[in-house]
Each structure stands twice: as structure tokens, then as C-alpha cells.
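Topology and contacts: notes
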Amino acid sequence: GDFKGPRQALLCGVRVPFYAPVIDTDFEKDLSRFETREDDVFIVTYPKSGTTWVQEIVWQIYHNGKVSRKNIEERYAQFEKSQLFPRPGDEPAVALSSRPSPRFMKCHFPYHLLPMSQNEANRSKYIYVARNPKDVAVSYFHFVRSFGPDGDFNGTFENFANFFVNGKGSYGLWSDHVLPWWKRRNDPHILFLKYEDLKKDLYFNVRRVSEFLNKSLSEDVIAKIAHQCTFGEMKKNSDNFSVKDIDSKPLLLRKGQIGDWRNYFSAELSKKFDEILVSKLEGSGLSFDFGT
Ligand code: A3P
């Protein structure tokens, strides 16, 4: 039919959502000379894989378990929406290059576009979060719909899922995004997490993240953070987990479960996801829990 899918733009050759503003050629130029710092923290995902969750965990780890009252978007820069260098007339704080350390950044770029120091000694920290692609598609569908009429998407789930599974979604084909990060999982500067593992044992994973970041915390603080980062606790502050600059204030927290896809997928669609996406993981050692 004439279904077009959500509105998108191109950034460095990658399809990005329409709401990534000011996409201009300067970004591409600036990207190549952007300097990362040893104490930068990047949280990288294919969208809807648990970005916000891990952002909150990392934030609390850095603040010894204190819960912030600021919106998550004020605490993290979205790398691909950022201005990398100051331009004439800008507030100095706006550009990433003039922000104080540590810089907290989230990003949905594929591996090959993320700036990374060749020198291991001063390489930043990258936390990659992956989630099973069927739940990602359901979560993404609800998210794009929540942008309201201006979001330019009011198709059905079936429309969206076909778009997604054919690699026409923002940030490309899910498996092309996940696998290159998985391949680098043993880099000591990269931590590869799975949404489903966080769901099953948050305490263990909060500790793992804190160790990765070289932040030693007491067991009590780890337990406190694990509690404060459960879906129910975060939902109590859901205003702080919404997209601020969009009128409809899309929420970043929705249902927070493994296996919600079963309420949306036909057997045929599920098979298509298995054939196109899940099959790509064969032999990689990466697998996902699809819930029951
Ligand atoms: P659902 O739409 O399935 O509920 P992202 O932050 O990458 O956009 O991912 C959003 C997804 O992560 C949403 O999934 C959201 O509910 C879920 N999420 C956020 N915080 C969570 C938490 N504390 N526990 C479980 N899921 C969480």
C-alpha cells in the first residue's frame, strides 16, 4: 500500500527519527574531530531497549543512590541530537565539547559511528543495552504513536512491525545494530547488557555496572539503587522520564515487561522476525529471552 512509516531524516547515512532536530552537514564534519574523554559515559542502544533504565541506574551509581528530581533529558545529552562544538552566539554549556566532565550521553548510533579513542588508555566507557526484537518492536510502536498527530505515524502495529523487520526503522535493521556491539563485548571499555537480564536480577546487574564504572558502592547502596530502579519505583517519577520538547510528552516508561509482544504478534509475523532477525544471531553466542 502507500504506508510510509514514521517520518525520518538522514544523519551520517543513518535513518534517524524526525524529532532529531537540526540535522545539518556540520554534524558529519564535527563528528570526525569530536574528542572523547576517558571519563565520558555513553549509553548506547537500538531505541526502546532499556536506555532510560540504564541511564537512571548509572546516574544513581554516580550519585551514591540519590534520586534526581530533574528530567532524564536534562541529565544526559542525546549524542546524535547534540551540537558537538560551540557555534558563534551559543551558550558555552550547550555544546558537548565545552561541557564539564563527566559527560553523560545516550546514543542510538551504530558501532561504526560512535566516536571511540583508538588508545585504550583513554577510551571512554560504553554501555550497550540490547533487548529481544519482538518486545522492542512493540515498545517502539507505542512510542512513535505517542508523539500524537505531529508524529506523522498513525498506522497499525502490523504496519510498523513490517517496517521494522525490513530494516526501514530508524537506526536500521535491529540485528545490524546489536551484533557489532556484541562482537566487542570483551573490550574492557564496553559493557554489554541485556534488558531481560536486568529484569531477572537487578541487584546483580547494578553491581556489575558499578564495577564496570569503577565506582565502589556498599551492598546497601547497591540494594537501594536496585530497588529505586524497579519499574514501579521509577514509574512514581514518570514525569522525569518523558520527552520534554514534544507537546504530547511521550513517556519513556510504559509497561516494562518481557513478552508483551505475544499480545500483538500473529504467528506469521513472529516467524518473519525469527527468519529475518533472530536467525542472524546464530553462531554468535548471543541469544534472548522472549518471555512466556
Ligand atoms: P515498554 O514499552 O515495553 O514498556 P528506552 O528507554 O530505550 O526508550 O526503552 C523503553 C522501554 O524500557 C519501555 O518498554 C519501558 O517501559 C522500559 N523500561 C524503562 N524503565 C524500566 C524499568 N525500570 N524496568 C523495566 N522496564 C523499563
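As the structure is a prediction and not an experimental result, all values here were calculated from the model.

So, on to the overall build of the protein chain. Regarding its fold elements, the protein chain presents eleven helices and seven strands. Compactness check: the protein chain gives a C-alpha radius of gyration of 19 Å against a globular reference of 19 Å for 292 residues, within 12% of the reference. Within the protein chain, the fraction of its 292 residues that count as buried is 54%. Residue pairs at least 24 apart in sequence account for 74% of intrachain contacts in the protein chain once pairs closer than 6 positions are excluded. Where the 42 positive side-chain charges of the protein chain centre and where its 38 negative ones centre are 2 Å apart.

Turning next to the nonpolar core. If you look at the biggest cluster of nonpolar residues, it comprises 90 residues, and the most contacted ones within it are Val58, Phe79, Ile127, Phe164 and Trp181. Every residue in contact with isoleucine 127, bar those within four places of it in the chain, is listed here: Phe42, Ile43, Val44, Val54, Val58, Leu191, Leu193, Val209, Phe212 and Leu213.

Right, let's get into the site of the ligand. Residues in contact with the ligand amount to 18 residues; listed here are only the nearest, Thr51, Thr52, Ser139, Tyr195 and Lys255. Tryptophan 53 is positioned with one of its side-chain polar atoms (N or O) 3.2 Å from a nitrogen atom of the ligand. Within the contact set of the ligand, a nitrogen atom lies 3.0 Å away from a backbone nitrogen or oxygen of cysteine 229. Bound to the protein, the ligand loses 97% of the 570 Å² it would expose on its own. Of all the secondary structure elements, the ones that give two or more residues to the shell around the ligand are α2 (51–62) and α10 (231–235). Of the residues forming the shell around the ligand, the biggest block, three residues, is contributed by α2. The class makeup of the residues in the shell around the ligand is seven nonpolar, seven polar and four charged.

Pairing of strand β1 (residues 8–11) with strand β2 (residues 14–17), which is carried by four bridges, proceeds in the antiparallel orientation. Counterpart to alanine 9 in the pairing with β2 is valine 16. In this structure, the hairpin formed by β1 and β2 is closed by a connection of two residues, where cysteine 12 is found at a positive phi of approximately 50°.

What follows is about the packing of helix α4 (residues 133–145) against helix α11 (residues 267–276). Across the interface, α4 lies against α11 with an axial gap of 10 Å and an inter-helix angle of 120°. Taken as axis vectors, α4 and α11 run oblique relative to one another. Contacts between α4 and α11 involve Pro133, Lys134 and Ala137 from the first element and Ser270, Phe273 and Asp274 from the second. The residue inventory of the contact of α4 with α11, partitioned by class, reads three nonpolar, one polar and two charged.

All chains considered together, the criterion is met by 31 aromatic pairs. Ring plane angle 70° and centroid distance 5.1 Å describe the contact between tryptophan 53 and tyrosine 195, whose orientation is recorded as edge-to-face. Of the two residues, tryptophan 53 sits in helix α2 while tyrosine 195 sits in helix α7 (residues 195–200), which places them 142 residues apart along the sequence. With relative accessibility at 11%, the residue tryptophan 53 sits in the buried group. Assessed through its relative accessible area of 6%, tyrosine 195 is described here as buried. Taken together, the ring pairs connect Phe27, Phe34, Phe42, Phe79, Phe85, Phe109, Tyr111, Tyr126, Tyr128, Trp181, Trp182 and Phe192 into an aromatic cluster.

For the rest of this paragraph, the subject is the packing of α2 against helix α8 (residues 202–212). Working note: a packed helix pair is described by the angle between its axes plus the distance between those axes. Close contact between α2 and α8 brings their axes to 10 Å; oriented N to C, the two are set at 60°. Crossing angle aside, the handedness with which α2 passes α8 is right-handed. Residues Trp53, Ile57, Val58 and Ile61 of α2 form the contact with α8, whose own contacting residues are Leu202, Val206, Val209 and Ser210. For the contact of α2 with α8, a count of residues per class yields seven nonpolar, one polar and no charged.

We now examine the confidence of the model for the protein chain. Put simply, the protein chain has an average pLDDT of 92, and 95% of its residues get 70 or more. Overall fold confidence for the complex sits at a pTM of 0.96, while the interface term, ipTM, reaches 1.00.

Let us now look at the pattern of salt bridges. This structure, assessed with the given rule, holds 14 salt bridges. Note that lysine 200 and aspartate 289 form a salt bridge whose closest N and O atoms lie 2.9 Å from each other. Remark: aspartate 289 occurs in the segment after α11 and lysine 200 occurs in helix α7; sequence separation between them is 89 residues. A residue is classified by how much of its surface remains accessible, and aspartate 289, at 29% relative accessible area, is partly exposed. Ionic pairing is found between aspartate 260 and lysine 255, a salt bridge with its closest N-O pair at 2.7 Å.

Criteria and cut-off values
Residues numbered from 1 in each chain as written. Predicted model: local features only at pLDDT ≥ 70, side-chain atom pairs only at ≥ 80, totals over all residues. Heavy atoms only, no water. Helix = DSSP H or I, 4+ residues; strand = E, 2+ residues; numbered from the N terminus. Rg over C-alpha atoms; globule rule 2.2 N^0.38 Å. Buried < 20%, exposed > 50% of the residue type's maximum accessible area, 1.4 Å probe, protein only. Contact = heavy atoms within 4.5 Å. Lys, Arg positive; Asp, Glu negative; His and termini not counted. Charge placed at Lys NZ, Arg CZ, Asp CG, Glu CD. Core = buried A, V, L, I, M, F, W, Y, C linked by side-chain atoms within 4.5 Å. Near = heavy atom within 4 Å. Polar contact = N/O pair within 3.5 Å; in protein donor to acceptor, adjacent residues only side chain to side chain. Areas by Shrake-Rupley, 256 points an atom, 1.4 Å probe, with all protein chains shown as cover. Nonpolar A, V, L, I, M, F, W, Y, C, P; charged D, E, K, R; others polar. Pairing = 2+ DSSP bridges. Axes fitted to C-alpha atoms, helices over the stretch in contact; angles between N-to-C directions. Parallel < 35°, antiparallel > 145°, perpendicular 65-115°, else oblique. Phe/Tyr/Trp six-rings, centres within 6.5 Å; stacked < 30°, edge-to-face > 60°. Left-handed = near helix turned anticlockwise from the far one by under 90°. pLDDT = per-residue confidence, 0-100. Salt bridge = Lys/Arg side-chain N within 4 Å of Asp/Glu carboxyl O.

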